[in-house]
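Coordinate analysis (summary)
Residue strings, one per chain:
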Amino acid sequence: MSKNFDLIVIGAGPGGYIGAIRAAQLGFNVACIDEWKNGKGGPAPGGTCTNVGCIPSKALLQSSEHFEHAGHAFADHGIGLKDLSIDVKKMLARKDKVVAQNNDGILYLFKKNKVTFFHGRGAFVKAVDAGYEVAVGEEALTAKQVLLATGSSARALPGTPFDEVNVLSNDGALRIGEVPKRLGLIGSGVIGLEMGSVWRRLGSEVTVLEALPTFLGAVDEQIAKEAHKAFVKQGLKIELGVKVGEIKSGKKGVAVEYTNAKGEAQKLEVDKLIVSIGRVPNTTGLNAEAVGLKLDERGAIVVDDDCRTNLPGVWAVGDVVRGPMLAHKAEEEGVAVAERMAGQHGHVNFNTTPWVIYTSPEIAWVGQTEQQLKAAGRAYKAGTFPFLANGRARALGDTTGMVKFLADAVSDEILGVHIVGPMASELIAEAVVAMEFKASAEDIARICHAHPSLSEATKEAALAVDKRTLNF
Ligand code: FAD
Ligand code: NAI
């Protein structure tokens, strides 16, 4: 006997669990299925984000930043420390606790919102009169609508599978039991830079090998250049334009053969290697063929702008569909789909979806880059303001970087905001709000910002668009 619901959600990452909660708020009877297991085999909802992504990486970034400050910045404040050490096991245990708190929080939210949770793999069985039948273990569930939010997994280099001992995905990278003397990273994308920062701060000699000749190609060039300078100064070795060849993993570590940008054969020997070259959508366990769900050549679920698949009543959101692989993008899509199911007009604006790289300095941006505006032939004005001239940044002892505004040359509408520097992850929210309300740079320039605060750098960068900064 199958259990009937209005909606079955497969996947309880940010796309699935948030979509399930919103649908329940709108009055649907919702089931949510997720297969992630914690260390004891119990449920661990939250997906990649909670278990091996956003949350644990930020926990380790915080721990390692404290360590770096204690070792390098405290002395400037007159704080002396003797025998500074890092207990990696304790740091990892704290990270695991933070993850578990988030897992428990989601189970609580399911109860609160009356979402029925099933722990196990969900797979299509067949289309039925009432919609779709989905199996989870021995149970059969039916629903008129299905929301697929099965996420993504790390992409391995061809011929070099992850063993999570020497060759690590994001999962293993978050569980390294002691500080490796030499750490290699393939890919200088978001994971490479965040994970590289964690282990460099704790004492590893970190080398990043990147295939592309440009550093952080999706980031505004001026911002990427500033960030590159800061990372190199900190000791990250970043080699661009490389071609990775054979990788040999053994008891003594990992040897990576590669050709550098000049075409010279090179060898990198490291104790651990993290491969962070992008992610692939999770669709293999879904039994998509049973219902004729359309996938593209990458295995991603094909959806329209509203997250509708080719099947009536079947929707898909998050990393398993097109668009940026970001937790907040997945969440917004989950909410929008639930609202569309209820006949409302959910909407996700990719142009105002912020990006953040949680390195130090942090990098955050929203909207278009200067190179995109140039390529589109759009007439624009730019204004920048350095944190060096911001009183709060000086007091913090963190003056690296700048805020940069790009605005339409005629209407002054904000087209993009790019930040490299302290708390960029928080500062970018003001820019997102401004762009959602189609604000002009002058609007931000006229708003009163608290003093002393980093947000004054945002105001000053907006003033800089009109070439009238007050403090620089
Ligand atoms: P996921 O979070 O991947 O969740 C999918 C869930 O579905 C998983 O629990 C999976 O087990 C389950 N599942 C899959 N198939 C089935 C099935 N057949 N049956 C049952 N369950 C199934 N993004 C940010 O915005 N900010 C960050 O700071 C950030 N940091 C990151 C750091 C790292 C190291 C990584 C790897 C990613 C990071 N991301 C970050 C990206 C973010 O984690 C993803 O964009 C986000 O998790 C996508 O959400 P999702 O719901 O689409 O999928
Ligand atoms: P990524 O797409 O950010 O970066 C991958 C990098 O690897 C690129 O620079 C690419 O040119 C390079 N690369 C690809 N193949 C290569 C090869 N064979 N040799 C050398 N370099 C190669 O992917 P990453 O870092 O794996 O992260 C995946 C996604 O997870 C991100 O795109 C992002 O969406 C999400 N994420 C978000 C975070 C955040 O929001 N703070 C943090 C971490 C991940």
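Overview of the structure. A quick note: this is a predicted structure, and the numbers were derived from the prediction, not measured. (Residues numbered from 1 in each chain as written. Chains lettered and ligands numbered in written order. Predicted model: local features only at pLDDT ≥ 70, side-chain atom pairs only at ≥ 80, totals over all residues. Heavy atoms only, no water.)

The subject of this paragraph is the site of ligand 2. Lining the immediate surroundings of ligand 2 are 24 residues, of which Glu 194, Glu 210, Gly 278, Met 325 and Val 356 lie closest. Glu 194 has a polar side-chain atom sitting 2.9 Å from a nitrogen atom of ligand 2. Val 356 is positioned with one of its backbone polar atoms (N or O) 2.7 Å from a nitrogen atom of ligand 2. For ligand 2, whose free accessible area comes to 840 Å², the fraction covered by protein is 77%. Counting residues per element, the ones that place at least two in the shell around ligand 2 are α6 (190–201) and β18 (355–357). Among the elements that take part in the shell around ligand 2, α6 stands out by supplying four residues, more than any other. Classifying every residue of the shell around ligand 2 gives 14 nonpolar, five polar and five charged. (Near = heavy atom within 4 Å. Polar contact = N/O pair within 3.5 Å; in protein donor to acceptor, adjacent residues only side chain to side chain. Areas by Shrake-Rupley, 256 points an atom, 1.4 Å probe, with all protein chains shown as cover. Helix = DSSP H or I, 4+ residues; strand = E, 2+ residues; numbered from the N terminus. Nonpolar A, V, L, I, M, F, W, Y, C, P; charged D, E, K, R; others polar.)

On to the packing of aromatic side chains, then. Going through the model one piece at a time under the given rule, you end up with six aromatic pairs. On the numbers, 6.0 Å between centres and 65 degrees between planes, the contact of Phe 124 with Tyr 132 is edge-to-face. Comparing Phe 124 with Tyr 132 shows no difference in burial state: the two are buried. Centre to centre, the rings of Phe 215 and Phe 231 are 6.2 Å apart; their planes meet at 75 degrees, and the pair counts as edge-to-face. A residue pair is termed long-range when its members are at least 10 positions apart, and Phe 215 in the loop between β10 (205–209) and α7 (221–234) and Phe 231 in helix α7 qualify at 16 residues. (Phe/Tyr/Trp six-rings, centres within 6.5 Å; stacked < 30°, edge-to-face > 60°. Buried < 20%, exposed > 50% of the residue type's maximum accessible area, 1.4 Å probe, protein only.)

Spatially, five strands are ordered β8-β15-β9-β10-β11 in an open sheet, and the strand pairing comes out parallel. Looking at strand neighbours, the two that pair on one side only are β8 (167–168) and β11 (237–239), the edges of this open sheet. As paired strands, strand β9 (residues 182–186) and strand β15 (residues 272–275) are joined by four bridges and run parallel to one another. Bridge pairing links Ile 186 to Val 275 in β15. Of the strands in this sheet, β9, β10 and β15 touch α6, which is tilted by about 175 degrees from β9. (Pairing = 2+ DSSP bridges. Contact = heavy atoms within 4.5 Å. Axes fitted to C-alpha atoms, helices over the stretch in contact; angles between N-to-C directions.)

Let's shift gears to the sheet that holds strand β14 (residues 265–270). The strand order across the open sheet built from three strands is β12-β13-β14, with neighbouring strands paired in antiparallel fashion. Strand pairing shows two members of the sheet lacking a second neighbour, β12 (243–250) and β14, which therefore form its edges. On average, adjacent strands in this sheet sit at an angle of 20 degrees to one another, irrespective of strand direction. Here strand β13 (residues 253–259) pairs with β14 via six bridges, running antiparallel. The residue of β14 that forms the bridge with Thr 259 is Ala 265.

This part is about the site of ligand 1. In the region of ligand 1, 36 residues are neighbours, and Asp 34, Thr 48, Lys 58, Gly 122 and Asp 319 sit closest. At 3.2 Å from a nitrogen atom of ligand 1 is found a main-chain nitrogen or oxygen belonging to Glu 35. Of all elements in the fold, only α1 (14–25), β2 (30–34), α2 (47–52), α3 (54–73) and α8 (327–341) reach the threshold of two or more residues within the shell around ligand 1. Sort the elements by how many residues they give to the shell around ligand 1 and α2 lands first, with four residues. When the residues that make up the shell around ligand 1 are grouped by side-chain class, the tally is 15 nonpolar, 15 polar and six charged.

Turning next to the side chain of Ser 425. Position of Ser 425 among the secondary structure elements: in helix α11 (residues 424–436). At a separation of 2.7 Å, a polar atom in the side chain of Ser 425 contacts the side chain of Glu 362. Among residues more than four places away in sequence, those in contact with Ser 425 are Val 356, Tyr 358, Glu 362 and Ala 364.

With an omega of 5 degrees, the peptide bond between Ser 360 and Pro 361 qualifies as cis. With respect to the secondary-structure elements, Pro 361 resides in the loop between β18 and β19 (362–367). Geometrically, the link from His 451 to Pro 452 is a cis peptide bond, its omega value of -5 degrees lying close to zero. Within the fold, Pro 452 resides in the loop between α12 (441–446) and α13 (455–465). Here Met 423, not a glycine, exhibits a phi torsion of approximately 55 degrees, which is positive. In this fold, Met 423 is placed in the loop between β22 (414–421) and α11.

This brings us to the pairing of β13. Summarising burial for β13: five of the seven residues are buried, a large majority. The pairing of β12 with β13 spans six bridges and is antiparallel. Across the sheet, Val 244 pairs through a bridge with Tyr 258, a residue of β13. Hairpin connection from β12 to β13: two residues lie between these consecutive antiparallel strands. Connecting the antiparallel pair β13 and β14 is a turn made up of five residues, with Gly 263 showing a positive phi of about 85 degrees.

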